[in-house]
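Coordinate analysis (summary)
These are the residues of each chain, in order.
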Amino acid sequence: MKKIFYTISIILLFSLSLFAQHGHGHHGMGRRDNEFNRRLGDDSLKFFRKVGITLTEEQSENIYNISIKFVKEVESVRLEIKKIENDIRLELMKDNPDRNALKELISKKKEHEALIDYSRIVRDLDIINVLTPDQKLRLNSCMMQCRDR
């Protein structure tokens, strides 16, 4: 019995180490994540340069601070999601997984993902508020062109 437990533990640790090797941008990227990243993206300054919006130094600093705040806010949520995913894996490895426990874990994971989605929207709105009316107009026209593609 101990031999089976150790074997399963080693397999689990090995599989988790493989998952940990994926880059930040690829692990857990769903369709919703891609949709939000297409908006302003994780590097908003790069996005604005790409669409031809010139930012002042103060605007760039404000946008950078907003982005850093977002990263700090969602880091704990991302860690909680990873913990929940691990709990789901562990439950599935049991001989008789508890379906109610799985349902609760999945619900918790979705709540945390929704919190990240909301935080992204708040980040984008805060960044847009840094822009001048002309820059907002340019951004809106670019977003409409990108959406039509």
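Residues numbered from 1 in each chain as written. Predicted model: local features only at pLDDT ≥ 70, side-chain atom pairs only at ≥ 80, totals over all residues. Heavy atoms only, no water.

Concerning the nonpolar core
Here is the rule: Joining through side-chain atoms within 4.5 Å is the link that ties buried Ala, Val, Leu, Ile, Met, Phe, Trp, Tyr and Cys residues into a set, and such a set is a nonpolar core. Each residue's exposure class comes from its accessible area (1.4 Å probe, protein chains only) as a fraction of the maximum for that residue type: buried when under 20%, exposed when over 50%, partly exposed otherwise. Going along the chain from the N terminus, every DSSP run of H or I of four or more residues is numbered as a helix, and every run of E of two or more is numbered as a strand. By definition, residues are in contact when any of their heavy atoms lie within 4.5 Å.
Among the nonpolar cores identified, the biggest contains twelve residues, and these are Phe47, Phe48, Val51, Ile53, Leu55, Ile63, Ile66, Ile127, Val130, Leu131, Leu139 and Cys142. Mapped onto this core, the elements with two or more residues apiece are helix 3 (44-50), helix 4 (57-93), helix 5 (99-130) and helix 6 (133-148). Not counting the four nearest positions on each side in its chain, Ile63 is found in contact with Ser44, Leu45, Phe48, Leu55, Ile127 and Val130. Counting residues in each nonpolar core, the second largest holds five residues, with Phe70, Val77, Ile81 and Ile116 among its members.

Comments concerning the environment of Glu75
Following the sequence through the fold, Glu75 ends up in helix 4. Judged by relative accessible area, which is 38%, Glu75 ranks as partly exposed. Separated by 41 residues in the primary sequence, Glu75 and Ile116 have C-alpha atoms spaced 9.4 Å apart.

A look at the pattern of salt bridges
Here is the rule we go by: For salt bridges, the criterion is a side-chain nitrogen of Lys or Arg within 4 Å of an Asp or Glu carboxyl oxygen.
Summed over all chains, the structure comprises eight salt bridges. For Lys69, the salt bridge identified is with Glu73, shortest N-O distance 4.0 Å. Taken together, the residues Lys69 and Glu73, both in helix 4 and four residues apart, mark about one turn of the helix. For Glu73, a relative accessible area of 40% puts it in the partly exposed group. A salt bridge links Asp117 to Arg120, with the nearest nitrogen and oxygen atoms 3.3 Å apart. With a gap of three residues between them, Asp117 and Arg120 both fall in helix 5, about one helical turn apart.

Considering the confidence of the model for the chain
The condition that has to hold: Confidence scores per residue from the predictor, reported as pLDDT, run from 0 to 100.
On average, residues of the chain score 78 in pLDDT, and 69% of them reach the 70 mark or higher. The weakest mean pLDDT in the chain belongs to helix 2 (residues 31-39) at 45; the strongest belongs to helix 5 at 94. Predicted confidence for residues 17-39 stays below pLDDT 50, and this span has 24 contacts to residues more than four positions away or in other chains.

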